[in-house]
Amino acid sequence: KQEVTQIPAALSVPEGENLVLNCSFTDSAIYNLQWFRQDPGKGLTSLLLIQSSQREQTSGRLNASLDKSSGRSTLYIAASQPGDSATYLCAPLDYNQGGKLIFGQGTELSVKP
Amino acid sequence: DAMVIQNPRYQVTQFGKPVTLSCSQTLNHNVMYWYQQKSSQAPKLLFHYYDKDFNNEADTPDNFQSRRPNTSFCFLDIRSPGLGDAAMYLCATSVRAAYEQYFGPGTRLTVT
(Lines give C-alpha, C1' and ligand atoms only; values in the text may rest on other atoms or scores of the structure.)
Protein backbone atom coordinates (compact mmCIF):
# COMPACT_ATOMS: atom_id res chain seq x y z
CA LYS A 1 0.00 0.00 0.00
CA GLN A 2 1.38 3.40 -1.04
CA GLU A 3 2.54 5.64 1.78
CA VAL A 4 3.58 9.25 1.26
CA THR A 5 5.78 11.20 3.65
CA GLN A 6 6.54 14.90 3.49
CA ILE A 7 9.45 16.49 5.27
CA PRO A 8 9.57 18.89 6.98
CA ALA A 9 6.08 19.07 8.47
CA ALA A 10 6.49 22.82 8.97
CA LEU A 11 8.97 25.39 7.74
CA SER A 12 9.44 29.07 8.52
CA VAL A 13 11.78 31.16 6.39
CA PRO A 14 12.50 34.86 5.80
CA GLU A 15 11.31 36.39 2.56
CA GLY A 16 13.67 35.92 -0.37
CA GLU A 17 15.04 32.53 0.58
CA ASN A 18 15.13 29.62 -1.80
CA LEU A 19 13.68 26.49 -0.25
CA VAL A 20 13.10 22.81 -0.90
CA LEU A 21 10.15 20.69 0.17
CA ASN A 22 10.59 16.93 0.17
CA CYS A 23 8.17 14.14 -0.63
CA SER A 24 8.87 10.41 -0.51
CA PHE A 25 6.63 7.54 -1.53
CA THR A 26 6.96 3.80 -1.00
CA ASP A 27 5.65 2.36 -4.28
CA SER A 28 7.28 3.50 -7.51
CA ALA A 29 4.34 2.24 -9.62
CA ILE A 30 2.80 5.64 -10.25
CA TYR A 31 1.24 7.35 -13.27
CA ASN A 32 2.31 10.82 -12.24
CA LEU A 33 2.74 13.05 -9.20
CA GLN A 34 0.95 16.30 -8.41
CA TRP A 35 2.00 19.09 -6.09
CA PHE A 36 -0.81 21.14 -4.56
CA ARG A 37 -1.09 24.26 -2.51
CA GLN A 38 -3.77 24.65 0.16
CA ASP A 39 -4.51 27.93 1.92
CA PRO A 40 -6.18 27.71 5.35
CA GLY A 41 -9.82 26.67 5.06
CA LYS A 42 -9.64 26.50 1.25
CA GLY A 43 -9.56 23.87 -1.47
CA LEU A 44 -6.50 22.55 -3.31
CA THR A 45 -4.76 24.42 -6.10
CA SER A 46 -2.73 22.28 -8.48
CA LEU A 47 0.78 23.69 -8.85
CA LEU A 48 2.61 21.15 -10.98
CA LEU A 49 2.07 17.71 -12.42
CA ILE A 50 5.04 15.52 -13.33
CA GLN A 51 4.44 12.51 -15.51
CA SER A 52 6.19 9.30 -14.45
CA SER A 53 8.42 9.55 -17.53
CA GLN A 54 9.57 13.09 -16.67
CA ARG A 55 12.29 14.13 -14.27
CA GLU A 56 11.44 17.79 -13.88
CA GLN A 57 8.66 20.33 -14.37
CA THR A 58 8.81 24.10 -13.97
CA SER A 59 6.22 26.81 -13.49
CA GLY A 60 7.45 30.30 -12.70
CA ARG A 61 9.39 30.24 -9.44
CA LEU A 62 8.46 26.61 -8.82
CA ASN A 63 10.44 23.61 -9.96
CA ALA A 64 9.48 20.04 -9.16
CA SER A 65 11.66 17.01 -9.69
CA LEU A 66 10.79 13.33 -9.68
CA ASP A 67 13.01 10.32 -9.12
CA LYS A 68 10.51 7.50 -9.46
CA SER A 69 12.96 4.67 -8.87
CA SER A 70 13.98 6.04 -5.48
CA GLY A 71 10.46 7.20 -4.60
CA ARG A 72 11.29 10.87 -4.21
CA SER A 73 10.03 14.22 -5.39
CA THR A 74 11.13 17.70 -4.41
CA LEU A 75 9.46 21.07 -4.84
CA TYR A 76 11.88 23.96 -5.14
CA ILE A 77 10.57 27.47 -4.51
CA ALA A 78 12.85 30.28 -5.59
CA ALA A 79 12.90 33.72 -3.98
CA SER A 80 10.09 32.96 -1.53
CA GLN A 81 7.43 35.62 -0.83
CA PRO A 82 4.93 36.04 2.04
CA GLY A 83 2.18 35.10 -0.44
CA ASP A 84 3.75 31.65 -0.73
CA SER A 85 2.68 30.89 2.85
CA ALA A 86 0.38 27.86 2.68
CA THR A 87 0.40 24.10 3.11
CA TYR A 88 2.00 22.19 0.24
CA LEU A 89 0.80 18.67 -0.48
CA CYS A 90 2.32 16.09 -2.77
CA ALA A 91 0.25 13.25 -4.19
CA PRO A 92 1.41 10.45 -6.44
CA LEU A 93 -1.27 8.93 -8.66
CA ASP A 94 -0.97 5.31 -7.69
CA TYR A 95 -1.05 2.65 -10.41
CA ASN A 96 -1.66 -0.29 -8.09
CA GLN A 97 -4.59 1.41 -6.40
CA GLY A 98 -6.51 2.08 -9.58
CA GLY A 99 -5.17 5.53 -10.31
CA LYS A 100 -5.91 7.00 -6.90
CA LEU A 101 -4.19 10.14 -5.60
CA ILE A 102 -2.43 9.31 -2.34
CA PHE A 103 -1.72 12.43 -0.33
CA GLY A 104 1.06 13.21 2.07
CA GLN A 105 0.32 15.12 5.27
CA GLY A 106 1.77 18.28 3.80
CA THR A 107 4.42 20.85 4.64
CA GLU A 108 3.13 24.03 6.27
CA LEU A 109 5.21 26.90 4.95
CA SER A 110 5.42 30.33 6.52
CA VAL A 111 7.39 33.07 4.76
CA LYS A 112 8.10 36.05 7.00
CA PRO A 113 8.40 39.55 5.53
CA ASP B 1 -13.31 30.40 -16.92
CA ALA B 2 -13.76 26.63 -16.83
CA MET B 3 -13.86 25.52 -13.26
CA VAL B 4 -15.09 23.28 -10.45
CA ILE B 5 -17.78 24.85 -8.27
CA GLN B 6 -18.97 23.65 -4.89
CA ASN B 7 -22.08 24.78 -3.07
CA PRO B 8 -22.54 25.73 -0.39
CA ARG B 9 -19.10 26.79 0.80
CA TYR B 10 -20.17 26.37 4.42
CA GLN B 11 -22.87 24.02 5.66
CA VAL B 12 -24.12 23.53 9.19
CA THR B 13 -26.33 20.54 9.92
CA GLN B 14 -27.67 18.87 13.00
CA PHE B 15 -26.62 15.47 14.23
CA GLY B 16 -28.59 12.88 12.27
CA LYS B 17 -30.16 15.34 9.81
CA PRO B 18 -29.50 14.41 6.15
CA VAL B 19 -27.41 16.85 4.17
CA THR B 20 -26.47 17.15 0.49
CA LEU B 21 -23.39 18.84 -0.88
CA SER B 22 -23.18 19.88 -4.51
CA CYS B 23 -20.40 19.98 -7.08
CA SER B 24 -20.58 21.20 -10.65
CA GLN B 25 -17.98 21.54 -13.37
CA THR B 26 -17.66 23.39 -16.64
CA LEU B 27 -14.59 21.42 -17.74
CA ASN B 28 -16.63 18.63 -19.33
CA HIS B 29 -14.44 16.08 -17.56
CA ASN B 30 -15.41 12.43 -17.45
CA VAL B 31 -14.32 11.72 -13.89
CA MET B 32 -15.57 13.34 -10.70
CA TYR B 33 -14.20 12.63 -7.22
CA TRP B 34 -15.28 13.32 -3.65
CA TYR B 35 -12.65 13.65 -0.92
CA GLN B 36 -13.03 14.16 2.82
CA GLN B 37 -10.40 16.19 4.65
CA LYS B 38 -10.54 16.38 8.42
CA SER B 39 -8.67 19.02 10.33
CA SER B 40 -4.88 18.76 9.94
CA GLN B 41 -5.21 15.56 7.90
CA ALA B 42 -4.57 14.66 4.28
CA PRO B 43 -7.55 14.43 1.91
CA LYS B 44 -9.07 10.96 1.73
CA LEU B 45 -10.91 9.68 -1.33
CA LEU B 46 -14.51 8.63 -0.61
CA PHE B 47 -15.63 7.62 -4.13
CA HIS B 48 -15.52 8.64 -7.74
CA TYR B 49 -17.56 8.44 -10.92
CA TYR B 50 -16.08 7.55 -14.28
CA ASP B 51 -18.91 8.80 -16.48
CA LYS B 52 -21.88 7.02 -14.89
CA ASP B 53 -19.85 4.23 -13.31
CA PHE B 54 -19.71 4.61 -9.54
CA ASN B 55 -16.58 3.49 -7.68
CA ASN B 56 -16.76 3.34 -3.91
CA GLU B 57 -13.66 3.14 -1.71
CA ALA B 58 -13.67 0.06 0.50
CA ASP B 59 -13.51 2.03 3.74
CA THR B 60 -16.13 4.68 2.88
CA PRO B 61 -18.97 4.41 5.42
CA ASP B 62 -22.42 3.41 4.13
CA ASN B 63 -23.67 6.71 5.52
CA PHE B 64 -22.10 8.42 2.50
CA GLN B 65 -23.81 8.20 -0.88
CA SER B 66 -23.33 9.96 -4.18
CA ARG B 67 -25.31 10.77 -7.29
CA ARG B 68 -24.22 11.98 -10.70
CA PRO B 69 -27.32 12.90 -12.72
CA ASN B 70 -25.31 14.26 -15.67
CA THR B 71 -21.74 15.07 -16.72
CA SER B 72 -21.74 18.46 -15.01
CA PHE B 73 -23.13 17.70 -11.58
CA CYS B 74 -22.26 15.39 -8.73
CA PHE B 75 -23.81 15.27 -5.26
CA LEU B 76 -22.61 13.94 -1.93
CA ASP B 77 -25.37 12.80 0.40
CA ILE B 78 -24.71 12.13 4.07
CA ARG B 79 -27.72 10.24 5.35
CA SER B 80 -27.24 10.63 9.09
CA PRO B 81 -24.31 12.91 9.87
CA GLY B 82 -22.38 12.25 13.04
CA LEU B 83 -20.02 14.60 14.85
CA GLY B 84 -17.13 12.69 13.28
CA ASP B 85 -18.30 13.68 9.79
CA ALA B 86 -17.42 17.32 10.36
CA ALA B 87 -14.78 18.04 7.74
CA MET B 88 -13.93 19.84 4.52
CA TYR B 89 -15.43 18.01 1.54
CA LEU B 90 -13.54 18.47 -1.69
CA CYS B 91 -14.78 17.73 -5.18
CA ALA B 92 -12.31 17.16 -8.01
CA THR B 93 -12.47 16.32 -11.70
CA SER B 94 -10.17 14.87 -14.33
CA VAL B 95 -10.60 14.41 -18.06
CA ARG B 96 -9.90 10.68 -17.64
CA ALA B 97 -8.71 8.42 -14.84
CA ALA B 98 -5.01 8.82 -14.05
CA TYR B 99 -4.94 12.37 -15.43
CA GLU B 100 -4.41 15.66 -13.60
CA GLN B 101 -7.10 16.41 -11.04
CA TYR B 102 -8.66 19.84 -10.59
CA PHE B 103 -10.21 20.70 -7.25
CA GLY B 104 -13.08 22.91 -6.21
CA PRO B 105 -12.93 25.31 -3.25
CA GLY B 106 -14.50 22.78 -0.87
CA THR B 107 -17.50 22.76 1.45
CA ARG B 108 -16.81 23.05 5.16
CA LEU B 109 -19.38 20.90 7.00
CA THR B 110 -20.15 21.51 10.66
CA VAL B 111 -22.31 19.05 12.61
CA THR B 112 -23.97 20.36 15.76
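Residues numbered from 1 in each chain as written. Chains lettered and ligands numbered in written order. Predicted model: local features only at pLDDT ≥ 70, side-chain atom pairs only at ≥ 80, totals over all residues. Heavy atoms only, no water.

Novice: How would you sum up the overall build of chain A? Please name residues and give values.
Specialist: Check the secondary structure of chain A and you find 0 helices and 11 strands. From first element to last, N terminus to C terminus, chain A shows the α and β order β-β-β-β-β-β-β-β-β-β-β. A globule of 113 residues ought to have a C-alpha radius of gyration of about 13 Å, and chain A, at 13 Å, matches this closely. For chain A, the spread of C-alpha atoms along the principal axes amounts to about 45 × 30 × 20 Å. Scored against the burial criterion, the 113 residues of chain A give a buried share of 43%. (Helix = DSSP H or I, 4+ residues; strand = E, 2+ residues; numbered from the N terminus. Rg over C-alpha atoms; globule rule 2.2 N^0.38 Å. Buried < 20%, exposed > 50% of the residue type's maximum accessible area, 1.4 Å probe, protein only.)

Novice: Can you explain the sheet that holds strand E7 (residues 64–67) of chain B? Please cite residues and give values.
Specialist: In any sheet, the strands associate via hydrogen bonds between backbone groups, in a parallel or an antiparallel arrangement. Residue and element names in this part refer to chain B. Across the sheet, which stays open at both edges, the 4 strands sit in the order E1-E3-E8-E7 with antiparallel pairing between neighbours. The strands lining the two open edges of the sheet, one partner per strand, are strand E1 (4–7) and E7. Strand after strand, the sheet turns through a mean of 20° between neighbouring axes, direction not considered. Looking at chain direction, E1 and strand E3 (residues 19–25) are connected through 4 bridges and run antiparallel. From the neighbouring strand, Ile 5 faces E3, where its bridge partner is Ser 24. (Pairing = 2+ DSSP bridges. Axes fitted to C-alpha atoms, helices over the stretch in contact; angles between N-to-C directions.)

Novice: A description of the interface of chain B and chain A should follow, citing residues and the corresponding values.
Specialist: With 19 residues of chain B in contact, the opposing surface of chain A contributes 18 residues. Counting the surface chain B buries against chain A, the share from its top three residues, B:Ala98, B:Glu100 and B:Phe103, is 30%. Across the chain B-chain A interface, the total number found is 1 salt bridge. Among the salt bridges present, the one from B:Glu57 reaches A:Lys100, with a minimum N-O distance of 2.6 Å. Where chain B touches chain A, the interface holds 7 residue pairs in polar contact (both at pLDDT 80 or more). Mapped by element, the contributors of at least two residues to the side of chain B that touches chain A are strand E4 (31–37) and strand E9 (87–94) of chain B. (Contact = heavy atoms within 4.5 Å. Buried area = accessible area lost by both parts, 1.4 Å probe. Salt bridge = Lys/Arg side-chain N within 4 Å of Asp/Glu carboxyl O. Polar contact = N/O pair within 3.5 Å; in protein donor to acceptor, adjacent residues only side chain to side chain.)

Novice: Which residues make up the environment of A:Gly43, and what are the values?
Specialist: Examined against the element boundaries, A:Gly43 turns out to sit in the loop between strand E4 (30–38) and strand E5 (44–51). In this structure A:Gly43 comes out as buried when scored by relative accessible area, which is 10%. Separated by 27 residues in sequence, A:Gly43 and A:Gly16 have C-alpha atoms that sit 26 Å apart. Those residues within four positions of A:Gly43 in sequence are excluded, and the remaining contacts are A:Arg37, A:Gln38, B:Leu90, B:Gly104 and B:Pro105.

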